[in-house]
Amino acid sequence: MEKIIIDCDPGIDDSLAIMLALNSPEVEVVGITIVAGNSPCELGFKNAKRVLKFLGRLDVPVYVGADRPRVREYVNALDTHGSDGLGESFLPEVPDQMIPDLSAAEFMSQTLKGGDVSVIALGPLTNLADIIDRDREVFLSIKRLVSMGGNFRSHGNCSPVAEYNYWEDPDSAKVVFNAMYEAGREIEMVGLDVTRKIVLTYDILDEMKRKNPVVGDFVEKITNFYFKFHWEWEHIRGCVINDPLAVAQFIDQSILSGFSAFTDVETLGISIGQTVVDSMGFYRKESNALIYTKVNEKAFWDLFLPRILGIKGESNE
Ligand code: BDR
Ligand code: CA
């Protein structure tokens, strides 16, 4: 069983990713760390607890990290995820949940030291850049680093060229990509090129409701708003669920494929947050990123659906 930390900003699709990870026997979620992204940190913490409560897994520790990006002003994505960060499902808050004194970076630093823990990052990379500031060696002991973020040929989702997680904190993303370069390692980039293919449709949601009404209702509650947002902005009848794809690829490496390339992140100007992927080797630099470009959609759904539908689900009331 592979040990993982999920660094996230829940967030609708983050929640689906947590559900997938906690119902996957291949991984042990040793902790969830929160970063300011879709939701401000405190809300992200509460939402992680709401999901854990539904899963009956409040034993999984949740730590809170950076409450703002490294340099830029913080801009939340509650326009996409709803005012409560969970699609305006307004699930009741889980009582008696205190934010631990240990910060996300402190928890990660302690936990990563052994070299047997991987990180799946589903939000801006601020917490990871913080670890690099604290202790680069500890950062480099991450076993596998899978990040949902960036884009290669696909257009952006919050500017013409930038994906949200890296646009939110491009400076941290740059620090992380550069640290991987200096160490001769690769970050696995699960970007919009592949996540855009993972569309939860009304048909799939209906099937989920039919097969497991408890889980189906929960998913419907948190995605309803997301469906409407996608119709308005992307003109699709369904919603792109980015984050679970990163978890799925961590578990089954045959779901995505791509190529290795030196990659940097723009931190200024109109292309701020854009991943600059040197697919042609102009810079003559060793690769620091595995850029996923192809996705076996069927393999994703075959992994995702039975696992999500296997969840018993506890009342959040
Ligand atoms: C990413 O940004 C957020 O809206 C999602 O949770 C995902 O991590 C997609 O650009
Ligand atoms: Ca996210």
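First, a word on what this report is: a plain description of the structure on this page.

The secondary structure content of the chain amounts to 13 helices and 12 strands. In terms of overall size, the chain behaves like a compact globule, its C-alpha atoms giving a radius of gyration of 18 Å where 317 residues would be expected to give roughly 20 Å. The dimensions of the chain, computed from C-alpha atoms along their principal axes, are 55 × 45 × 35 Å. Across the 317 residues that make up the chain, the buried fraction comes to 59%. In the chain, of all internal contacts separated by at least 6 residues, the share reaching a separation of at least 24 is 80%.

Burial in helix H4 (residues 104-112) covers these residues: Ala104, Ala105, Phe107, Met108, Ser109 and Leu112. Each element contacted by the buried residues of H4 is listed here: strand E1 (2-8), strand E2 (27-34), strand E3 (62-64), strand E4 (117-121), helix H5 (126-134) and helix H6 (136-140).

Here we come to the site of ligand 1. Neighbouring residues of ligand 1: Asp13, Asp14, Asn38, His81, Leu122, Met148, Asn157, Glu163, Tyr164, Asn165, Asn242 and Asp243. At 2.7 Å from an oxygen atom of ligand 1 is found a side-chain nitrogen or oxygen belonging to Asp243. Alone, ligand 1 offers 280 Å² of accessible surface; in the complex the protein occludes 97% of this. The cavity where ligand 1 resides is the largest pocket. Its residues assigned to classes, the shell around ligand 1 shows 3 nonpolar, 5 polar and 4 charged.

What follows covers the layout of surface pockets. Considering only enclosed or pocket space, the largest pocket measures out at about 540 Å³ in volume. If you trace the largest pocket, you find 28 residues lining it, with Thr80, Asn157, Cys158, Tyr164 and Phe229 closest to the centre. Only helix H1 (12-22), helix H3 (78-81), helix H7 (164-168) and helix H11 (213-234) provide two or more residues apiece to the lining of the largest pocket. In terms of residue class, the lining of the largest pocket is built from 12 nonpolar, 8 polar and 8 charged.

As a further point, take the side chain of Asn242. Here Asn242 shows up in the loop between strand E8 (238-240) and helix H12 (243-251). Beyond its immediate sequence surroundings of up to four residues, Asn242 is in contact with Asp13, Met148, Leu192, Thr195 and Tyr226.

For the structure on display, the rule yields 12 aromatic pairs. Judged by centre distance (6.2 Å) and plane angle (25°), the rings of Phe229 and Trp233 are stacked. Within this pair, Phe229 and its partner Trp233 are both found in helix H11, separated by 4 residues, close to a single helical turn. Among the residues examined, Trp233 registers a relative accessible area of 59% and is labelled exposed. One aromatic cluster is present, built from ring pairs that chain together Tyr181, Phe262 and Tyr283.

Here we come to the nonpolar core. Core analysis: the largest hydrophobic core is formed by 67 residues, its most contacted members being Met19, Ile32 and Ile241. What Ile241 contacts, discounting residues up to four positions off in sequence, is Asp13, Leu16, Ile198, Leu200, Tyr226, Phe300, Trp301 and Phe304. In terms of nonpolar packing, the next biggest core, distinct from the first, is built from 34 residues, Val30, Tyr63, Phe152 and Ile187 among them.

Using the criterion set out here, one finds 13 salt bridges in the structure. One salt bridge connects Arg57 with Asp59, and the closest N-O pair in it is separated by 3.0 Å. What makes Arg57 partly exposed here is its relative accessible area of 28%. Given a relative accessible area of 54%, Asp59 falls into the exposed group. Close ionic contact of Arg70 with Asp133 constitutes a salt bridge, the shortest N to O distance being 3.0 Å.

For helix H13 (residues 297-309), with 13 residues, the first-to-last C-alpha span of 18 Å sits near the 18 Å given by 1.5 Å per residue. Buried within H13 are the following residues: Ala299, Phe300, Trp301, Leu303, Phe304, Leu305, Arg307, Ile308 and Leu309. Where H13 is buried, its residues contact H1, strand E7 (199-201), helix H10 (202-211), H11 and H12. The opening residue of H13, the one whose side-chain oxygen lies 3.3 Å from the backbone nitrogen of Lys298, is Asn296.

Calculation notes
Residues numbered from 1 in each chain as written. Chains lettered and ligands numbered in written order. Predicted model: local features only at pLDDT ≥ 70, side-chain atom pairs only at ≥ 80, totals over all residues. Heavy atoms only, no water. Helix = DSSP H or I, 4+ residues; strand = E, 2+ residues; numbered from the N terminus. Rg over C-alpha atoms; globule rule 2.2 N^0.38 Å. Buried < 20%, exposed > 50% of the residue type's maximum accessible area, 1.4 Å probe, protein only. Contact = heavy atoms within 4.5 Å. Near = heavy atom within 4 Å. Polar contact = N/O pair within 3.5 Å; in protein donor to acceptor, adjacent residues only side chain to side chain. Areas by Shrake-Rupley, 256 points an atom, 1.4 Å probe, with all protein chains shown as cover. 1 Å grid on protein atoms, 1.4 Å probe; cavity = no way out; pocket = protein on both sides within 12 Å on 5 of 7 lines; lining within 4 Å. Sits in = over half its atoms within 2 Å of the grid points. Nonpolar A, V, L, I, M, F, W, Y, C, P; charged D, E, K, R; others polar. Points joined across faces, edges and corners; volume = space filled by probe spheres on them. Phe/Tyr/Trp six-rings, centres within 6.5 Å; stacked < 30°, edge-to-face > 60°. Core = buried A, V, L, I, M, F, W, Y, C linked by side-chain atoms within 4.5 Å. Salt bridge = Lys/Arg side-chain N within 4 Å of Asp/Glu carboxyl O. Expected span 1.5 Å × (residues − 1).

Everything listed is a geometric property; what it means functionally is a separate question.
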